[in-house]
Amino acid sequence: QVQLVESGGGLVQAGGSLRLSCAASGSIFNINAMGWYRQAPGKQRELVATITTGGSTNYADSVKGRVTISRDNAKNTVYLQMNSLKPEDTAVYYCNARLYIRLGVTLDYWGQGTQVTVSS
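So, a few notes on the structure that sits alongside this text.

Basis of the calculations
Residues numbered from 1 in each chain as written. Predicted model: local features only at pLDDT ≥ 70, side-chain atom pairs only at ≥ 80, totals over all residues. Heavy atoms only, no water. Helix = DSSP H or I, 4+ residues; strand = E, 2+ residues; numbered from the N terminus. Buried < 20%, exposed > 50% of the residue type's maximum accessible area, 1.4 Å probe, protein only. Lys, Arg positive; Asp, Glu negative; His and termini not counted. Salt bridge = Lys/Arg side-chain N within 4 Å of Asp/Glu carboxyl O. Contact = heavy atoms within 4.5 Å. Phe/Tyr/Trp six-rings, centres within 6.5 Å; stacked < 30°, edge-to-face > 60°. Lys NZ or Arg CZ within 6 Å of the ring centre and 35° of its normal. Disulfide = S-S within 2.5 Å.

Focus on the side chain of Glu6
Then, in step 1: Secondary-structure assignment places Glu6 in strand β1 (residues 2-7).
Then, in step 2: Notably, Glu6 is buried but unbridged: the nearest opposite-charge side chain belongs to Arg45, and the N-O separation is 7.7 Å.
Then, in step 3: In contact with Glu6, not counting residues within four places along its chain, are Ser21, Cys22, Trp36, Tyr93, Tyr94, Cys95, Gly111, Gln112, Gly113 and Thr114.

Here you go:
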């Protein structure tokens, strides 16, 4: 079991910045990658950014150049620094941890979500 606790959401004006944090606890030794996803009202959950244990990152095209994902392995925490925020970034942001079970099999854990609202 992995527990994920998110923080850092809130209300910000367009062009502003926010930093989200996600602290992992529990069976963290099997975590292969962590990331952030978001879900806006009436839309499907979508990838924002991911980072592997080796530090490789992946970003959605919609956030490239504005968002940076990072991790502090000593604190078992992953961060999402979001700059130049736009109203279309408004969504509930979910932290994800993907555990490696065996070849071809992974298991996803999710945080409770944190609301990010960008006003125009």
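Now, onward.
Section: the packing of aromatic side chains
Then, in step 1: Across all of its chains, the model carries 1 aromatic pair by this definition.
Then, in step 2: Taking 5.1 Å as the distance between ring centres and 75° as the angle between the ring planes, the aromatic pair formed by Tyr37 and Trp110 counts as edge-to-face. Taken together, the residues span a long stretch of sequence, with Tyr37 in strand β4 (residues 31-39) and Trp110 in strand β10 (residues 105-110) at a distance of 73 residues.
Then, in step 3: Residue Tyr37 is classed as buried on the basis of its relative accessible area, which comes to 16%.
Then, in step 4: Just above the ring of Tyr94 sits the side chain of Arg45; from NZ or CZ to the centre is 3.7 Å.
Then, in step 5: The ring of Trp110 has Arg45 lying over it, and the distance from NZ or CZ to the ring centre is 4.6 Å.

Quick look at the state of the cysteines
Then, in step 1: Taken as a whole and judged by the stated rule, the model has 1 disulfide.
Then, in step 2: In this model, Cys22 is linked to Cys95 through a disulfide, with the two sulfur atoms separated by 2.0 Å. On the S-S bond that ties Cys22 to Cys95, the torsion sits near -85°, and the link is left-handed. With Cys22 in strand β3 (residues 18-26) and Cys95 in strand β9 (residues 91-102), the pair connects residues that are 73 residues apart, well separated along the chain.
Then, in step 3: On the accessibility criterion, Cys22 (0% relative accessible area) is buried.

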